[in-house]
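Reading the structure
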Amino acid sequence: MNTDSSFAQNRLVQLTEQLLSGRPVTGDIIFLADEEAPGVSGATWRFEDDDHAFLKESGFRFMLMELLDTLIRHRAEQGKSHLQGIIHLENSSPSINWLTTEQAEKRRMVE
């Protein structure tokens, strides 16, 4: 894992440990970025209804979007070309995979 990936991964782990401890949540967040003013431009959340409600009520959804803005700006400042991606939660354990715009759009279209 390179330094940039471990930076993002560490921040995701901190957030999930803080807000999701004791609640196993599984699903995906596919996010797109605005490359001109780096930040999240859209996100598709794929979770069971109960988990989705919990993510909103716990503040995780809001905090993750803030974190994604920070991570995207960080990558843009470093000249990284893949600003979109997918976050997968497996029993509240996060992983992030950075994607091209085309890959992220394709993932958003797949149910």
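The present account deals with the structure reproduced in this document. Quick caveat, the model's predicted, so the values are computed rather than measured.

**Describing the nonpolar core**
With 24 residues, the main nonpolar core has Phe60, Leu64 and Ile87 as its most contacted residues. If one sorts the elements of this core by residue count, helix H3 (residues 60–77) sits on top with six residues. In this structure, Leu64 is in contact with Leu12, Leu15, Ile29, Trp45 and Ile87, ignoring residues within four places of it in sequence. Counting five residues, the second-largest nonpolar core is a separate cluster that includes Ile30, Ile86, Leu99 and Ala104.

**Points about the packing of aromatic side chains**
One pass over the full model with this rule turns up two aromatic pairs. Here Phe31 and Trp98 contribute two aromatic rings whose centre-to-centre distance is 5.6 Å and whose plane-to-plane angle is 85°, an arrangement assigned as edge-to-face. Placement of Phe31 in strand E1 (residues 27–34) and of Trp98 in strand E4 (residues 93–99) is noted, with a sequence separation of 67 residues between them. Classification of Phe31 as buried rests on a relative accessible area of 0%. Trp98 sits in the buried class, given a relative accessible area of 12%. Judged by centre distance (6.0 Å) and plane angle (40°), the ring pair of Trp45 and Phe47 falls under tilted. The lysine or arginine in question, Arg23, covers the ring of Phe54, its NZ or CZ lying 4.4 Å from the ring centre. Residue placement shows Arg75 over the ring face of Trp98; its charged tip is 4.2 Å from the ring centre.

**Concerning the pattern of salt bridges**
Within the structure shown, the criterion is met by one salt bridge. Between Arg23 and Asp51 there is a salt bridge whose closest N-O contact spans 3.2 Å. In this pair, Arg23 sits in the loop between helix H1 (3–20) and E1 while Asp51 sits in helix H2 (residues 49–57), placing the two residues 28 residues apart along the sequence. Arg23 gets classed as partly exposed once you look at its relative accessible area, which sits at 27%.

**Structural notes on the sheet that holds strand E2 (residues 39–46)**
Spatially, the four strands line up as an open sheet ordered E2-E1-E3-E4, and their pairing is antiparallel. Looking along the sheet, the strands with just one partner apiece sit at the ends: E2 and E4. Across the sheet, the mean angle from the axis of one strand to that of its neighbour is 20°, orientation sign disregarded. Here strand E3 (residues 84–90) runs beside E4; their pairing, made up of seven bridges, is antiparallel. Paired with Leu89 across the bridge in E4 is Pro94.

**Observations concerning the side chain of Asp51**
Residue Asp51 is classed as buried on the basis of its relative accessible area, which comes to 13%. What Asp51 contacts, discounting residues up to four positions off in sequence, is Arg23, Pro24, Val25 and Thr26.

**Topic: the environment of Gln78**
When you line up the elements, Gln78 lands in the loop between H3 and E3. Taking the C-alpha atoms as reference, Gln78 lies 26 Å from Arg61; in sequence the two are 17 residues apart.

The rules behind these values
- Residues numbered from 1 in each chain as written.
- Predicted model: local features only at pLDDT ≥ 70, side-chain atom pairs only at ≥ 80, totals over all residues.
- Heavy atoms only, no water.
- Core = buried A, V, L, I, M, F, W, Y, C linked by side-chain atoms within 4.5 Å.
- Buried < 20%, exposed > 50% of the residue type's maximum accessible area, 1.4 Å probe, protein only.
- Helix = DSSP H or I, 4+ residues; strand = E, 2+ residues; numbered from the N terminus.
- Contact = heavy atoms within 4.5 Å.
- Phe/Tyr/Trp six-rings, centres within 6.5 Å; stacked < 30°, edge-to-face > 60°.
- Lys NZ or Arg CZ within 6 Å of the ring centre and 35° of its normal.
- Salt bridge = Lys/Arg side-chain N within 4 Å of Asp/Glu carboxyl O.
- Pairing = 2+ DSSP bridges.
- Axes fitted to C-alpha atoms, helices over the stretch in contact; angles between N-to-C directions.

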